[in-house]
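Coordinates in review
Each chain, letter by letter, is given below.
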Amino acid sequence: MNPLMITEYEKEGVICAEGYLEATKRKIFVYLVDGMLVDTGPKRMEPDFTSFYDKHSFDKVVLTHSHEDHSGTASWIQTNRDVPIYMHENGIALCAKPGNYPEYRQHSWGVRDAFDALPLRDTIRSRNLTWDVIYTPGHADDHVALLHKETGRVFTGDLFVQTKTKISMNTESIPQIMESIRTLLSYDISSMYCSHSGYFENGRETLQKKLDYLEELSATVERLYREGKSPEAIANQLFPKNYPIIARSEREWHPIHLINSILAPVKI
């Protein structure tokens, strides 16, 4: 059985290419709106996503960030399509070199080839629409969201993913993620397109629920820390589950990173 599969459907004028990778048990989305491709999926899914590209016309590519599950087929597009690729300036130099990240991620998503990208400005124009480019760091320091103010549609990359975050990468900043969500909520948002969870009709409500959870979690973590508990003890108390990705990632993913991130401003 072929472990790769793409499901294609449309939501509010956005063509959603929903991929599922058996190796990671994760969904990954590529979106096409008004001739603009948002993200490119992982290298390991290149055969399926390139089949999607062959069916559709697009004039430009915008990456929400440089992580390999979002930029993995950008090099194929650069080689086979005469279209520009845009991303936040913080990720351009990184993507100009072949992907260099832990082996478990190479096995899961494939090894991203190098490609050349152009820097995003404050706005970007698709064929008929103007999109605000909103810097939303926390998950990555080159992360952006794309907002069409007239309709409130927003592409959020990996800013949302799920409501209740229980484990994080050692490079993520929960305070920054919360601030980035607050930034998006300062706009008039309607529907949301997440790169791993898909389409949400009530994007504002969905983002607000995540922010509420993270704010409550942060308050709990800070209280336990003031009571004298160590970050390790807090992590064990709040998130006792032994997530398989902890061992597989050699602790690049772990609840302790979530706790330390929340406590970073408190310890200063």
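None of these values were measured; they are calculated from a predicted model.

Okay, the overall build of the protein chain next. For the protein chain, the count of helices and strands is 10 helices and 15 strands. For 268 residues, the compact-globule estimate of 2.2 N^0.38 gives 18 Å, and the protein chain sits close to it at 18 Å. Of the contacts formed within the protein chain by residues at least 6 apart in sequence, a portion of 62% connects residues at least 24 apart. Of the accessible surface of the protein chain, which amounts to about 12,300 Å², a share of 48% is contributed by carbon and sulfur atoms. Taken as two groups, the 30 positive and 37 negative side-chain charges of the protein chain have centres that lie 4 Å from each other.

One ladder, built from three bridges, connects strand β8 (residues 123–125) with strand β9 (residues 130–135); its direction is antiparallel. Residue pairing across strands places T123 opposite D132, the latter belonging to β9. Here β8 folds back onto β9 in antiparallel fashion, the turn holding four residues. Here four bridges tie β9 to strand β10 (residues 144–148), and the two strands are oriented antiparallel to one another. Among the inter-strand pairings, I134 is bridged to a residue of β10, identified as A145.

Here the focus is the pattern of salt bridges. As enumerated under the stated definition, the model contains 13 salt bridges in all. For K43, the salt bridge identified is with D113, shortest N-O distance 2.9 Å. Of this pair, K43 sits in the loop between β4 (36–38) and α1 (46–55) while D113 sits in the loop between α5 (103–109) and β7 (118–119), and the two are 70 residues apart along the sequence. Of the charged contacts in the structure, one is a salt bridge between R182 and E215, with a shortest N-O distance of 3.0 Å. One end of the pair, R182, is in helix α6 (residues 174–185); the other, E215, is in helix α7 (residues 203–226), and 33 residues separate them in sequence. Residue classification places E215 among the partly exposed residues on the basis of a relative accessible area of 33%. A single network of salt bridges, built from pairs that share partners, joins K43, E46 and D113.

Mapping S126 onto the fold places it in the loop between β8 and β9. Take S126: its relative accessible area is 4%, and that puts it in the buried class.

How each quantity is defined
- Residues numbered from 1 in each chain as written.
- Predicted model: local features only at pLDDT ≥ 70, side-chain atom pairs only at ≥ 80, totals over all residues.
- Heavy atoms only, no water.
- Helix = DSSP H or I, 4+ residues; strand = E, 2+ residues; numbered from the N terminus.
- Rg over C-alpha atoms; globule rule 2.2 N^0.38 Å.
- Contact = heavy atoms within 4.5 Å.
- Areas by Shrake-Rupley, 256 points an atom, 1.4 Å probe, with all protein chains shown as cover.
- Lys, Arg positive; Asp, Glu negative; His and termini not counted.
- Charge placed at Lys NZ, Arg CZ, Asp CG, Glu CD.
- Pairing = 2+ DSSP bridges.
- Salt bridge = Lys/Arg side-chain N within 4 Å of Asp/Glu carboxyl O.
- Buried < 20%, exposed > 50% of the residue type's maximum accessible area, 1.4 Å probe, protein only.

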